[in-house]
Amino acid sequence: DYPAWTMQRYREAGITFIKQKGETPIKQAFDIVIGYNVLQHTEDPQAIVNNIRKSAKVIHWFDWIETEVSDGHLHNLTAKNMDLWFGGEGKVERVSQFPVVGLTWYGIFKGDFYE
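What this report covers is the structure whose coordinates are included nearby. (Residues numbered from 1 in each chain as written. Predicted model: local features only at pLDDT ≥ 70, side-chain atom pairs only at ≥ 80, totals over all residues. Heavy atoms only, no water.)

**As for unusual backbone geometry**
Note the threshold: Helix and strand labels come from DSSP, where a helix needs a run of H or I of at least four residues and a strand needs a run of E of at least two; each type is numbered from the N terminus. With a 1.4 Å probe rolled over the protein chains alone, any residue whose accessible area is under 20% of its type maximum counts as buried; one over 50% counts as exposed, and the rest are partly exposed.
Residue Phe98 is joined to Pro99 through a cis peptide bond whose omega torsion reads 10°. Position of Pro99 among the secondary structure elements: in the loop between strand E3 (91-97) and strand E4 (100-110). The phi dihedral of Asn37 falls on the positive side, at around 55°, and the residue is not glycine. Take Asn37: it is sitting in the loop between strand E1 (30-36) and helix H2 (45-55). Even without being a glycine, Glu66 presents a positive backbone phi close to 55°. Looking at the secondary structure, you find Glu66 in the loop between strand E2 (56-65) and helix H3 (79-86). For Glu66, a relative accessible area of 47% translates into the label partly exposed.

From the geometry alone we can't say anything about function, so treat these as descriptive.
This is the structure in structure tokens:
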């Protein structure tokens, strides 16, 4: 749960915040969906991407890939799966600026509502 002031700040900036599991279908459309470091923490990353693609015009996404599975990281995401799920080729890049170190996958993709 976020504090009330955070939700107020989102409203004032025109940002729609939905509190629900990502695997639950989204019932509205968005101009832009932005995700950062999300999918390895979820039950079904592919279902979440499918939901996002169905509800977005444009998707901006960044996630860490090739990480070990652990209590907080339920999936070892791969560039191949990310490309397949998002329907395009993301950029793979190694980040080595301590304490941020690892292999990343990111890109901008068309959702189903792209005009």
